[in-house]
Amino acid sequence: MFLVSAAFALTAACGDGASEKDCKALLDHLIELEAAAGGEGGLPPEASDKKAQKKSHEKVAKFVREDFMKSCLENLPSAQVACGLKAKTEKQLAACDDS
């Protein structure tokens, strides 16, 4: 869940505002990055098949969606969302805070 938590830090900035569609895409992307990194919020070993991966992804998204979406929609500039969507690593995601 570190990457999702890091994304909340990104939402501290104000700006032109991201769309709901873009915020949802960012949340999904962050969860995928976290799962790929195998970190604290990574997918469990039994999630090697697509169906289990999707279920695990949905569980994480449901847990953080409301707070993330509110913060993203109210605070995150669309440029940072675009940057976050392009990020392939935690380091790249952290660099979005400077955009």
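Reading guide: rules and limits
Residues numbered from 1 in each chain as written. Predicted model: local features only at pLDDT ≥ 70, side-chain atom pairs only at ≥ 80, totals over all residues. Heavy atoms only, no water. Helix = DSSP H or I, 4+ residues; strand = E, 2+ residues; numbered from the N terminus. Buried < 20%, exposed > 50% of the residue type's maximum accessible area, 1.4 Å probe, protein only. Disulfide = S-S within 2.5 Å. Polar contact = N/O pair within 3.5 Å; in protein donor to acceptor, adjacent residues only side chain to side chain. Contact = heavy atoms within 4.5 Å.

The residue Asp-22 is located in helix 2 (residues 20-37) in this model. Owing to a relative accessible area of 31%, Asp-22 belongs among the partly exposed residues under this scheme. The spatial distance from the C-alpha of Asp-22 to the C-alpha of Ala-82 is 8.1 Å, given a sequence separation of 60 residues.

Time to look at the state of the cysteines. Applying the stated criterion to the full structure yields two disulfides. Sulfur-sulfur distance for the disulfide between Cys-23 and Cys-72 comes to 2.0 Å. Taking the sign of the torsion about the S-S bond as the criterion, the disulfide between Cys-23 and Cys-72, at about -85°, is left-handed. Residue Cys-23 is found in helix 2, and its partner Cys-72 is found in helix 3 (residues 50-75); the two are separated by 49 residues along the sequence.

Structurally, the position occupied by His-29 is in helix 2. Classification of His-29 as buried rests on a relative accessible area of 17%. At a separation of 3.3 Å, a polar atom in the side chain of His-29 contacts the main-chain carbonyl oxygen of Gly-84. Beyond its immediate sequence surroundings of up to four residues, His-29 is in contact with Gly-84, Leu-85 and Ala-87.

The values are spatial; any link to function lies outside them.
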